[in-house]
Amino acid sequence: MKSEVLISQLEFNPFSMIKDDGFLISAARGSSTALMTAGWGLMGILWNKPVVTVYVRPSRYTFDFLKSGDKFTLSFFPEDRKDILHYCGSHSGHNEDKLRALGLKDSRIEDYVVYDESILTFACRKIYMREMDERLILDKNIIDTYYADKDVHWSFSGLIEHVYI
């Protein structure tokens, strides 16, 4: 059973938590759940609210769920369950049901997807989304490195409405 905590009660390093540990982005549409591994994101204050921003390519199965829905979650897992992130990062929801393949137990709290196995979940309401504009990327090496195939990320910013541990 998940407990809700105040965001002000958390102590963590967002840089290592996002880049080194990784997380799942999840969104629901009806009874379907899309989930993907991510290692890019931002946390901070925007419009005087606690906000996270994640970046997803249109080619990802989760993209349509994020674009059409208004809620998503970021779920972090303990070290001994990194297999979840590895699996979700190398398999597509286009081709299989990753929840069933992993035996993950998901549930819904106010239409937010949460997992029994996660140790921390940010439940976010989407407040902004935008396609990245290559013309505004000043470092052309970034374009060559990450966007040679023109599959440019979209950013999705969400107001952190709940934190579950």
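Presented here is an overview of the structure given in this document. Since the structure is predicted, the reported quantities are computational estimates derived from the model, not experimental observations. (Residues numbered from 1 in each chain as written. Predicted model: local features only at pLDDT ≥ 70, side-chain atom pairs only at ≥ 80, totals over all residues. Heavy atoms only, no water.)

## Regarding the overall build of the protein chain
When you go through the protein chain residue by residue, the secondary structure sums to five helices and ten strands. Once the C-alpha set of the protein chain is aligned to its principal axes, its extents read approximately 45 × 40 × 30 Å. Counting all 165 residues of the protein chain, 44% fall into the buried class. Counted over contacts in the protein chain with a minimum sequence separation of 6, partners at least 24 positions apart contribute 73%. Accessible surface for the protein chain amounts to roughly 9300 Å². Of this, 51% is attributable to carbon and sulfur atoms. (Helix = DSSP H or I, 4+ residues; strand = E, 2+ residues; numbered from the N terminus. Buried < 20%, exposed > 50% of the residue type's maximum accessible area, 1.4 Å probe, protein only. Contact = heavy atoms within 4.5 Å. Areas by Shrake-Rupley, 256 points an atom, 1.4 Å probe, with all protein chains shown as cover.)

## Some thoughts on a nonpolar patch on the surface
Among the surface-exposed residues, Trp40, Ile142 and Tyr146 lie close enough to one another that they form a single nonpolar patch of about 270 Å² accessible area. The residue Tyr146 is located in helix H5 (residues 140–146) in this model. (Patch = residues over 30% accessible without salt bridge, like charges linked within 9 Å, V, L, I, M, F, W, Y side chains within 5 Å. Salt bridge = Lys/Arg side-chain N within 4 Å of Asp/Glu carboxyl O.)

## Some remarks on a negative patch on the surface
Among the surface-exposed residues, Glu4, Asp70, Glu110 and Asp111 lie close enough to one another that they form a single negatively charged patch. With respect to the helices, strands and loops of the structure, Glu110 is situated in the loop between strand S7 (106–109) and strand S8 (112–115). (Lys, Arg positive; Asp, Glu negative; His and termini not counted. Charge placed at Lys NZ, Arg CZ, Asp CG, Glu CD.)

## So, the pairing of S7
In this sheet, S8 lies alongside S7 in antiparallel orientation, the contact comprising four bridges. What sits directly across from Ser107, in S8, is Val114. Counted between consecutive antiparallel strands, the loop separating S7 from S8 contains two residues, among which Glu110 sits at a positive phi close to 50°. (Pairing = 2+ DSSP bridges.)

## Examining the nonpolar core
One finds Phe23, Ile25, Phe72, Leu74 and Phe122 to be the most contacted residues of the largest nonpolar core, which totals 25 residues. Counting only elements with at least two residues in this core, the list comes to helix H1 (14–21), strand S2 (23–29), strand S3 (32–38), strand S5 (49–56), helix H2 (61–68), strand S6 (71–76), strand S9 (120–131) and strand S10 (154–164). Top contributing element to this core by residue count: S10, with four residues. Once you skip the residues sitting within four places of it in the chain, Phe122 turns out to touch Ile7, Leu10, Phe12, Met17, Met43, Phe72, Thr73, Leu74, Phe76, Ile160, His162 and Val163. Membership of the second largest hydrophobic core comes to eleven residues, among which are Leu35, Phe77, Leu85 and Leu102. (Core = buried A, V, L, I, M, F, W, Y, C linked by side-chain atoms within 4.5 Å.)

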